[in-house]
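This is what each chain is made of:
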Amino acid sequence: MTTKTLLDESRLPARWYNVRADLPTQPPPPLHPGDRSPIRPQDMAPLFPMEFITQGIVSTDRYVAIPEEVRDVYRLWRPTPLIRAHRLERALETPARIYFKYEGISPTGSHKPNTAVAQAYYNARQGVRRLTTETGNGQWGSALAFACAQFGLGCDVWMVKASYDQKPARRTMMQLYGARVHASPSEETSAGAKALAEDPSSPGSVGIAISEAVEAAAAPDTRYALGSVLNAVLLHQTIIGEEALEQTAGDPPDLVVGVVGGGSTFAGLAFPFLREKWSGRLDPRFLAVEPAACPSLTRGRYAYDYFDAAGFTPLFKMHTLGHDFVPGPIHAGGLRYHGMSPLLSHMYELGHFEATAKSQRECFEAGVLFARTEGIVPAPEPNHALAAVVEEARRCAETGEAKVILTALCGHGHFDMSAYERHLSGRLEDPEVSPERIESALTHLP
């Protein structure tokens, strides 16, 4: 029987955890794209509210108080349940105990509102009237559209063309919350027009969509919001790990597994557990899982690069495949990003966690197994973490180790039926990335 571990609403965390407070060295600073000097907080002010900038660039306080207005919206779905996957364990005949933190119960079906609500709140308090953003598979765009509706803000979303075509229901969901949705690359911005001129059939990329959204943020009373990668976004997501830490107190994990595209899911779950490991209270292993079609951690270079394809953003030192690298149109659209969070990249270099890459078919096989045992259809993105969980649980079946495995199911797959249909019919491809293609993209690093 499936066991759910719930927290009382009154115990909703009141603060986010800032992992930078406990790092032995700080990540290299972002650099100005013009003179390559370290970015100052005021340099980021045209894009982000000052509270967000302070949280991501300036503050090394261990904890940041969650505003009550943000917690009030969180209460619509938080705390989220921790569920033991008994049926999956039985199917795998494993002695491992598998737990998943289910973020799919949020209004938009993913973990993304954890930061979207915070960013919308900070912008509204600063007098901003509209936010622009990009979205890979629609999860982040849906979350920001929802958050903007809570605080009376307009919202423009540049949705990667491959996902715009694959997932019309996600597009409709954003429009339902009041957002305007644009297929990226588009003719509405110079960055989009340039991408189309170079490749009229471009499937788009998160990097191109970021360029368009940043360019559009230059309009009056408009700012830009980002759903992953930046330090402050990872900070906001630590509410996942803080809840999970309390929920697993009686059965702490030996292995914490999370999917990485930009890094917010893995960081949100893992950072509080890393704090406990550094303090000597727990000793789990940490594994980040990325798509083989976009392997920034496992095959990228640790170097300064732009967040976007056009080079509008500051330079960040991160694991990157090159800012103009365009991944194949895999169904895990939220993972089709050329770079990794600078903070996670720095921590990976320090050896605080491991990383692996999984093929699209292996991930969907894990998603189907999970759906048939636990009844929840996962999104393509968390299928990557599930594939690693299944692999580890099978290893435990061979060795007899009764490990405790924890992951975050960061979204549901209700809008991804076309992807599952392709998998079930045997038509799902496994895009490969040649070493030559990666090397070619890396030659364009600034």
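First, a word on scope: everything that follows refers to the structure included in this document. (Residues numbered from 1 in each chain as written. Predicted model: local features only at pLDDT ≥ 70, side-chain atom pairs only at ≥ 80, totals over all residues. Heavy atoms only, no water.)

Comments concerning unusual backbone geometry
Thinking step 1. Residue Arg 78 is joined to Pro 79 through a cis peptide bond whose omega torsion reads 0°.
Thinking step 2. In this structure, Pro 79 sits in the loop between helix H3 (68-74) and strand E4 (82-84).
Thinking step 3. Residue Pro 185 follows Ser 184 across a cis peptide bond; omega there is 10°.
Thinking step 4. Residue position: Pro 185 is located in the loop between strand E8 (180-184) and helix H9 (190-198).
Thinking step 5. In the Ramachandran plot, Glu 93 falls in the positive-phi region, its phi being about 50° despite a non-glycine side chain.
Thinking step 6. Looking at where Glu 93 falls in the secondary structure, it is placed in the loop between helix H4 (86-92) and strand E5 (97-102).
Thinking step 7. Take Glu 93: its relative accessible area is 67%, and that puts it in the exposed class.
Thinking step 8. Within the chain, Asp 221 stands out as a residue other than glycine whose phi angle is a positive 55°.
Thinking step 9. Position of Asp 221 among the secondary structure elements: in the loop between helix H10 (206-216) and strand E9 (222-224). (Helix = DSSP H or I, 4+ residues; strand = E, 2+ residues; numbered from the N terminus. Buried < 20%, exposed > 50% of the residue type's maximum accessible area, 1.4 Å probe, protein only.)

Looking at the packing of aromatic side chains
Aromatic ring pairs are reported here in terms of the distance separating the ring centres and the angle at which the planes meet.
Thinking step 1. Scanning the entire structure with this criterion turns up 14 aromatic pairs.
Thinking step 2. Centre to centre, the rings of Phe 100 and Phe 370 are 5.1 Å apart; their planes meet at 75°, and the pair counts as edge-to-face. Within this pair, whereas Phe 100 is found in strand E5, its partner Phe 370 is found in helix H15 (residues 360-374), the two being separated by 270 residues in sequence. Neither Phe 100 nor Phe 370 differs from the other in exposure class; each is buried.
Thinking step 3. Both rings, one in Tyr 121 and one in Phe 151, keep their centres 5.9 Å apart while their planes meet at 55°; by these two values the pair is tilted. Linking Tyr 121 in helix H5 (residues 113-125) with Phe 151 in the loop between helix H6 (139-150) and strand E7 (154-160), this pair joins segments that are 30 residues apart in sequence. (Phe/Tyr/Trp six-rings, centres within 6.5 Å; stacked < 30°, edge-to-face > 60°.)

A look at the nonpolar core
Thinking step 1. With 64 residues, the main nonpolar core has Trp 16, Tyr 74, Phe 271 and Leu 344 as its most contacted residues.
Thinking step 2. Core analysis: the next-biggest nonpolar cluster, separate from the first, contains 29 residues, Tyr 102, Val 257, Phe 370 and Ile 376 among them. (Core = buried A, V, L, I, M, F, W, Y, C linked by side-chain atoms within 4.5 Å.)

A short note on the sheet that holds strand E6 (residues 130-135)
Thinking step 1. The strand order across the open sheet built from four strands is E8-E7-E6-E9, with neighbouring strands paired in parallel fashion. Lying at the two open borders of the sheet, with one neighbouring strand each, are E8 and E9. When strand polarity is set aside, the average angle formed by the axes of neighbouring strands in this sheet is 25°.
Thinking step 2. Against the sheet, helix H8 (residues 168-176) engages E6, E7 and E8, with an angle of about 170° to E7. (Pairing = 2+ DSSP bridges. Axes fitted to C-alpha atoms, helices over the stretch in contact; angles between N-to-C directions. Contact = heavy atoms within 4.5 Å.)

Some remarks on the environment of Val 260
Thinking step 1. Looking at where Val 260 falls in the secondary structure, it is placed in the loop between strand E10 (255-259) and helix H12 (264-278).
Thinking step 2. Residue Val 260 is classed as buried on the basis of its relative accessible area, which comes to 1%.
Thinking step 3. Along the chain, Val 260 and Pro 203 lie 57 residues apart, while their C-alpha atoms are 21 Å from each other.
Thinking step 4. Discounting residues that sit within four places of it in the chain, Val 260 has contacts with Phe 266, Ala 288, Val 289, Glu 290, Pro 291, Leu 297, Leu 335, Met 340 and Leu 344.

With respect to the packing of H15 against helix H17 (residues 417-424)
Helix packing for two helices is described by the angle between their axes and how far apart those axes are.
Thinking step 1. Across the interface, H15 lies against H17 with an axial gap of 11 Å and an inter-helix angle of 105°. With respect to their mutual orientation, H15 and H17 come out roughly perpendicular. Judged by residue contacts, Arg 361, Phe 364, Glu 365, Gly 367, Val 368 and Arg 372 of H15 engage Ala 419, Tyr 420, His 423 and Leu 424 from H17.
Thinking step 2. Looking at the contact of H15 with H17 residue by residue, the classes come out as five nonpolar, two polar and three charged. (Parallel < 35°, antiparallel > 145°, perpendicular 65-115°, else oblique. Nonpolar A, V, L, I, M, F, W, Y, C, P; charged D, E, K, R; others polar.)

Some thoughts on H6
Thinking step 1. When the terminal C-alpha atoms of H6 are compared, their 17 Å separation across 12 residues agrees well with the 16 Å that a helix rising 1.5 Å per residue should span.
Thinking step 2. In terms of burial, H6 is a largely internal element, 10 of the 12 residues being buried.
Thinking step 3. Every buried residue belonging to H6 is among Gln 139, Trp 140, Gly 141, Ser 142, Ala 143, Leu 144, Ala 145, Phe 146, Ala 147 and Cys 148, and all of these are buried.
Thinking step 4. Taken from the residues just after H6, Gly 152 is the one with a positive phi, measuring 70°. (Expected span 1.5 Å × (residues − 1).)

With respect to the sheet that holds strand E14 (residues 354-358)
Thinking step 1. Strands sit in the order E1-E4-E5-E15-E10-E11-E14 across an open sheet of seven strands; the sheet is mixed. The open sheet has two edge strands, strand E1 (3-5) and E14, and neither has a second partner. The average undirected angle you get between the axes of adjacent strands in this sheet is 25°.
Thinking step 2. Lying over the sheet, H15 contacts E4, E5, E14 and strand E15 (404-409), oriented at roughly 95° with respect to E14.

What is shown is where atoms sit, not what they do.
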